[in-house]
Amino acid sequence: MVTIIFTEHLHSPMYFFLSNLSFIDICHSSVTVPKMLEGLLLKRKTISFDNCIAQLFFLHLFACAEIFLLTIMAYDRYIAICTPLHYTTVMNMRVCIQLVIALWLGGTVHSLVQTFLTIRLPYCGPNIIDSYFCDVPPVIKLACTDIYLTGMLMVSNSGTISLACFLALVTSYTVILVSLRKQSAEGCWKALSTCSAHFMVVVLFFGPCIFIYTRPDTSFSFDKVVSVFYTVITPLLNPLIYSLRNEEVKSAIKHLRQRQVFFV
């Protein structure tokens, strides 16, 4: 984020979205990782119901915002590669800001729906969830009522959003790959290098989300391991994947270090 803010030639839509992705990753991992570390290191594996609901709300807010942002970034790459002459007109800064506002609004609405589905249930049974963070699937299993309808609503919300955005991403990448046949070898390699990093992030993030949120009544012992990928691993790897595979970012970081922009 600091590199993009202080490097003028990185003030483009792609890096604007990338800085927003970094911000979302910071927030996303901050919702679950501190409590997980507290449980591992201090053996404090308890959380109040109010804090549990708050964790659930912000988890879905940032996760949904990231899903929408990754989809927007794929659209940005589609415009840049398939219609480069119209790129500056279609993806101007005003449009980029509007898209970012829209993704936050969409994430907020989604999170409110998920939270409402959870808190409306009566809880009078056991108070132990088989997970290291509060999420809709493990929490609603504590309700002393039939959760079939709630589970189906969860699938129609979280599951549909994850699957639909993933299919949109696959479609955009398919169109991009087809269009690359008409470009030069150098342009084709540059486009593939940029899109491959994005696609790695998509697979690491969307795979676990689709696996968890498209089966409301089924749970497996390794669900916690799968959840680690989209709550911990992917937010950690995103900056590394985009930075280490991007020569412009690596060059900008080196230049900023020489200017002593980073402070200790």
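As a starting point, this report considers the structure included with it. Treat the numbers as computed from the prediction; the structure is a model and nothing was measured. (Residues numbered from 1 in each chain as written. Predicted model: local features only at pLDDT ≥ 70, side-chain atom pairs only at ≥ 80, totals over all residues. Heavy atoms only, no water.)

1. Concerning the state of the cysteines
And then number 1: Under the definition given, this model contains two disulfides.
And then number 2: Disulfide pairing is shown between Cys52 and Cys134; the S-S distance is 2.0 Å. Between Cys52 and Cys134 the sulfur-sulfur dihedral comes to about -120°; the bridge is accordingly left-handed. With Cys52 in helix α3 (residues 49-82) and Cys134 in the loop between α5 (93-119) and α6 (136-140), this residue pair connects regions lying 82 residues apart in the sequence.
And then number 3: Disulfide partners in the chain, listed by the sequence order of the bonded cysteines, are 1-3, 2-4. (Disulfide = S-S within 2.5 Å. Helix = DSSP H or I, 4+ residues; strand = E, 2+ residues; numbered from the N terminus.)

2. Examining the side chain of Thr115
And then number 1: On the secondary structure map, Thr115 appears in helix α5.
And then number 2: You can call Thr115 buried: its relative accessible area is 10%.
And then number 3: Ignoring any residue separated from it by four or fewer positions in sequence, one finds Thr115 in contact with Ile53, Leu56 and Phe57. (Buried < 20%, exposed > 50% of the residue type's maximum accessible area, 1.4 Å probe, protein only. Contact = heavy atoms within 4.5 Å.)

3. What about the pattern of salt bridges?
And then number 1: In this structure the tally under the stated criterion is three salt bridges.
And then number 2: The network of salt bridges with shared partners includes Lys35, Glu38 and Arg44. (Salt bridge = Lys/Arg side-chain N within 4 Å of Asp/Glu carboxyl O.)

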